[in-house]
Amino acid sequence: MHVGVPREIKVQEYRVGLTPGAVREYVAAGHQVTVETGAGSGIGASDEVYRRAGAVIADSARDIFAKSDMIVKVKEPQRSEWAQLRESQILFTYLHLAPDPEQAKGLLASGCTAIAYETVTDAAGHLPLLAPMSEVAGRLAIEAAGAALRRSAGGRGLLLGGVPGVQPARVVILGGGVVGTQAARMAAGLGAEVTVIDRSIPRLRQLDDLFIGRVRTRLSTIESVEEEVFAADVVIGAVLVPGASAPKLVTRAMLKSMRPGAVLVDVAIDQGGCFETSHPTTHTDPTYEVDGIVHYCVANMPGAVPVTSSQALNNATLPFGLMLAGKGFAAVLENPHLRNGLNVHRGRITNMAVAESLGLEFAPVESGLAA
């Protein structure tokens, strides 16, 4: 199969769909790989490094989209990219379609087959291609919160871990999944007072055992969320409903009862955000203020550390990408985990959660779309 890797064009996105090491694996498996010039610059990989790995270097994204059977990216395609996709072409990348009807319409119109990293599953029902970026984002969330808490940034002027004789910041994490666990690990390691709220008692038991009492846990209810958010210096939004829009757990009205200068970090912003007042921001201008509360809502947080992120992402995506390159769409039909990643195929939405979030008809591949 001919695999194409365009340069990422989303604002301040420095990751790359295939690292040179991953390219070597594709080439060794008998596939042709074409990489757009400069695609690896964000991770310090020159065109020459990609050539030595076996890739052909293309002068433009147009060449990549025109000639490739499968496009491997990191972030969702932008308008100029989805306009170049075509029927029978496979797109393998993060999509986050639920809060993005415009992108969904573009993919549907193209007729392409779009497989979303964030909904591919494993035998345990986990999300193995989302997990590495969730790990990165969870850890970065605490770094971002620490910076936003500074008085010069509009925050309360607190040090996350405090110092001897001075109370540390109170960090509340909404969601005990991968993002929440990594955020808790970082915050607790810095000495903050940490509470994780989740709706699963078994998960709270796991977290209690993992942190040996160093992190408080609470069951998610309207009352517990309000109590913890109102007393928090930092709130990390780490909730996930696979494929669907994130629930709004903190409303605009709640901000008035929070501590002035408190910080909200919405890691769920790719799925629409879990705070009512959230809207996507960039690494250049990452924060804004609503009712005295600092919001950090960067939609591609892992893009700030592209070397770590690209390596971690490629470690996870490589086996699935090789399956797709080896068998094409047949790999989706044969592998239930790749089938769960299928979001769009030949002008139809093939993921139920995405379809429900967008208000569109759900068309499973079993209905004959695979023909």
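If you're wondering where the values come from, they're calculated on a predicted model, not measured in any experiment.

Take the sheet that holds strand β5 (residues 90-93) next. On the basis of which strands lie adjacent, the open sheet formed by eight strands has the order β3-β2-β1-β4-β5-β6-β14-β15 and mixed pairing. Lying at the two open borders of the sheet, with one neighbouring strand each, are β3 (56-58) and β15 (348-349). Sheet topology places strand β14 (residues 342-345) next to β15; two bridges connect them, and they run antiparallel. Within β15, the position partnered with H345 by the bridge is R348. Contacting β1 (2-5), β2 (32-36) and β4 (70-72), helix α1 (residues 20-28) runs over the sheet at an angle of about 150 degrees to β2.

Nonpolar side chains collect at one region of the surface, where L159, V163 and V166 lie side by side and expose about 280 Å² of accessible area between them. You can see V163 is positioned in the loop between α6 (131-148) and β7 (170-174).

The backbone of Q12 sits at a positive phi, close to 55 degrees, despite the residue not being glycine. As for its position among the elements, Q12 is in the loop between β1 and α1.

Moving on, we get to the sheet that holds strand β12 (residues 287-290). Strand order in the open sheet made by the seven strands is β9-β8-β7-β10-β11-β13-β12, with mixed pairing throughout. Where the open sheet ends on each side, the last strands, each with one partner, are β9 (216-219) and β12. Averaged over all neighbouring strand pairs, the angle between strand axes comes to 20 degrees, with direction disregarded. With four bridges connecting them, β12 and strand β13 (residues 293-296) associate as antiparallel partners. Note on β13: the bridge partner recorded for T287 is Y296.

Its boundaries defined by the atoms lining it, the largest pocket holds a volume of some 1,100 Å³. Contributing to the lining of the largest pocket are 43 residues, with G177, V178, A238, V239 and L240 lying nearest its centre. Looking at the lining of the largest pocket, the elements that each hand over two or more residues are α6, α7 (178-189) and β8 (193-198). It is α6 that provides the largest number of residues to the lining of the largest pocket, a total of four residues.

This part covers the domain arrangement of the protein chain. Domains assigned within the protein chain are domain 1 (2-111 + 306-358) and domain 2 (130-304). The C-alpha-based centres of domain 1 and domain 2 are spaced at 30 Å. Here domain 1 and domain 2 share an interface that buries about 1,500 Å² over both sides, 54% of which is from carbon and sulfur atoms. At the junction of domain 1 with domain 2, the criterion picks out one salt bridge. For D270, the salt bridge goes to K75, with nearest N and O atoms at 3.4 Å. Where domain 1 packs against domain 2, one counts eight residue pairs in polar contact (both at pLDDT 80 or more). Among the elements that take part in the side of domain 1 that touches domain 2, helix α11 (residues 306-327) stands out by supplying six residues, more than any other. A per-class count over the side of domain 1 that touches domain 2 returns 11 nonpolar, five polar and four charged.

What counts as what
- Residues numbered from 1 in each chain as written.
- Predicted model: local features only at pLDDT ≥ 70, side-chain atom pairs only at ≥ 80, totals over all residues.
- Heavy atoms only, no water.
- Pairing = 2+ DSSP bridges.
- Helix = DSSP H or I, 4+ residues; strand = E, 2+ residues; numbered from the N terminus.
- Contact = heavy atoms within 4.5 Å.
- Axes fitted to C-alpha atoms, helices over the stretch in contact; angles between N-to-C directions.
- Patch = residues over 30% accessible without salt bridge, like charges linked within 9 Å, V, L, I, M, F, W, Y side chains within 5 Å.
- Areas by Shrake-Rupley, 256 points an atom, 1.4 Å probe, with all protein chains shown as cover.
- Salt bridge = Lys/Arg side-chain N within 4 Å of Asp/Glu carboxyl O.
- 1 Å grid on protein atoms, 1.4 Å probe; cavity = no way out; pocket = protein on both sides within 12 Å on 5 of 7 lines; lining within 4 Å.
- Points joined across faces, edges and corners; volume = space filled by probe spheres on them.
- Domains from an automatic or database assignment.
- Buried area = accessible area lost by both parts, 1.4 Å probe.
- Polar contact = N/O pair within 3.5 Å; in protein donor to acceptor, adjacent residues only side chain to side chain.
- Nonpolar A, V, L, I, M, F, W, Y, C, P; charged D, E, K, R; others polar.

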